[in-house]
Amino acid sequence: MKKKLKLILATILVVMLASVGCSQKEVKVNDREGNEVILPKKIEKIVSTAPSNTEVLVELGLADKLVAVDTYSSDVEGLPKDIEFIDFSNPDAEAIIALEPDMIIASGHNKTGNSGDPFKVLKEAGISVFYIPSSDSIQGIYDDTMFISKITNTTNKGEKIVENMKKQVDEIAQIGKTITNKKKVYFEIGPAPTLYSFGNSTFLNEMIELVGAENIFANEKSWISPSEEAVLDANPDIILTNVDYVKSPTEEIKSRKGWENIRAVKENQVYFINKNASSRPSHKIITALKEMAKAIYPQEY
């Protein structure tokens with residue numbers, strides 16, 4: 001009962017603060033999910049609920065405005081030492097309201113496992129919540145970055161980040177177009193016994209194709225759980241993994257029963273790719289793209 005009363009009082013406080021200066025005309029924008037959101041008149045406090053968004057905000061020079069981020073963002077460099085951490089899947093509305101944020105930059109992943117909008121109470125409290133679904137393409141990452149920069153009044157910095165990304169992507173793409181030896185690649189994002197990988201309609205598949213190679217599951221769509229037999233039958237030339245929660249992930253792959261006959265294993269072509277850079281749709285994917293290029297075609301890159 002006390003917790004509920006505190007939440008009500010905190011909500012009233014935020015609504016009162018939001019009403020200050022209400023004589024000014026409200027500016028509304030559509031977030032990346034298509035929701036109409038009121039653009040805050042001032043941006044002094046920001047909450048980020050996904051590491052990809054946190055990385056972009058820090059790169060935009062807004063680390064000092066971050067008052068809370070999700071727990072998965074704890075390893076993002078440049079965060080304030082006194083920053084609060086919130087649950088990725090079940091954000092504490094009371095705790096967030098108490099921080100009096102001007103905006104929340106949320107992810108579509110925050111809705112996973114929830115029957116509704118986990119930030120509904122915060123929206124009702126007058127806090128602007130901008131949803132950014134996880135992008136499935138490099139262009140989508142460009143667009144997400146520009147959107148975040150626009151709603152935080154850092155458009156010039158956003159343009160520089162995207163321009164730098166495009167330049168580096170183009171440099172690799174130009175080399176990739178000249179490669180005729182299309183190596184077959186298996187990229188593992190979840191280890192045995194339940195394998196996880198991806199097909200088309202993902203930025204990782206796009207990255208494999210950019211460097212001049214082929215994803216063995218390119219005919220599948222989005223995120224998949226293939227069988228070991230499917231990997232063995234495809235006989236990839238290269239195996240990549242970003243699994244970082246098992247001991248020696250590349251050695252674990254090479255030691256699997258039956259996998260010794262895969263070309264990549266026989267020729268010792270199994271490589272680890274930076275976990276965060278290859279799993280978070282932000283400007284940091286450039287790090288993973290370069291690692292992938294060098295692992296697959298060391299002579300060309």
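Keep in mind that this is a model prediction, so the values were computed, not measured. (Residues numbered from 1 in each chain as written. Predicted model: local features only at pLDDT ≥ 70, side-chain atom pairs only at ≥ 80, totals over all residues. Heavy atoms only, no water.)

1. Notes on the pairing of strand β1 (residues 27-30)
Turning to step 1, where the next piece is worked out: Both β1 and strand β2 (residues 36-39) contribute to a ladder of four bridges, which runs antiparallel. Bridge pairing in β2 places Val 27 opposite Leu 39. (Pairing = 2+ DSSP bridges. Helix = DSSP H or I, 4+ residues; strand = E, 2+ residues; numbered from the N terminus.)

2. Digging into the packing of helix α5 (residues 138-151) against helix α6 (residues 155-176)
Turning to step 1, where the next piece is worked out: The contact between α5 and α6 brings their axes to 7 Å, and the two run at 165 degrees. The angle between the axes of α5 and α6 places the two elements in the roughly antiparallel class. Seen along the crossing, α5 lies across α6 with a hand that is right-handed. Here Ile 141, Tyr 142, Thr 145, Met 146, Ser 149 and Lys 150 of α5 come into contact with α6, specifically with Thr 155, Gly 158, Glu 159, Ile 161, Val 162, Met 165, Lys 166 and Val 169. (Axes fitted to C-alpha atoms, helices over the stretch in contact; angles between N-to-C directions. Parallel < 35°, antiparallel > 145°, perpendicular 65-115°, else oblique. Left-handed = near helix turned anticlockwise from the far one by under 90°. Contact = heavy atoms within 4.5 Å.)

3. Some words on the packing of aromatic side chains
Turning to step 1, where the next piece is worked out: With the rule as written, the count across this model stands at six aromatic pairs.
Turning to step 2, where the next piece is worked out: On the numbers, 6.1 Å between centres and 80 degrees between planes, the contact of Tyr 186 with Phe 217 is edge-to-face. With Tyr 186 in strand β8 (residues 184-188) and Phe 217 in the loop between β10 (214-215) and β11 (223-224), this pair connects stretches of sequence that are 31 residues apart. Summarising the burial analysis for this pair, Tyr 186 and Phe 217 share the class buried.
Turning to step 3, where the next piece is worked out: Following the ring pairs from residue to residue traces out a cluster consisting of Tyr 186, Phe 217 and Trp 259.
Turning to step 4, where the next piece is worked out: Looking at Arg 256, its charged tip hangs above the ring of Trp 259, at a distance of 4.6 Å from the centre. (Phe/Tyr/Trp six-rings, centres within 6.5 Å; stacked < 30°, edge-to-face > 60°. Buried < 20%, exposed > 50% of the residue type's maximum accessible area, 1.4 Å probe, protein only. Lys NZ or Arg CZ within 6 Å of the ring centre and 35° of its normal.)

4. What to know about the sheet that holds β10
Turning to step 1, where the next piece is worked out: One open sheet accounts for four strands, arranged β10-β8-β12-β13; its pairing is parallel. One side of each edge strand has no neighbouring strand; the edge strands of this open sheet are β10 and β13 (270-272).
Turning to step 2, where the next piece is worked out: In this structure, β8 lies alongside strand β12 (residues 238-241), joined through four bridges in parallel fashion. Bridge pairing in β12 links Glu 188 to Thr 241.
Turning to step 3, where the next piece is worked out: Packed on one face of the sheet, helix α12 (residues 285-296) meets β8, β12 and β13 and runs near 155 degrees to β12.

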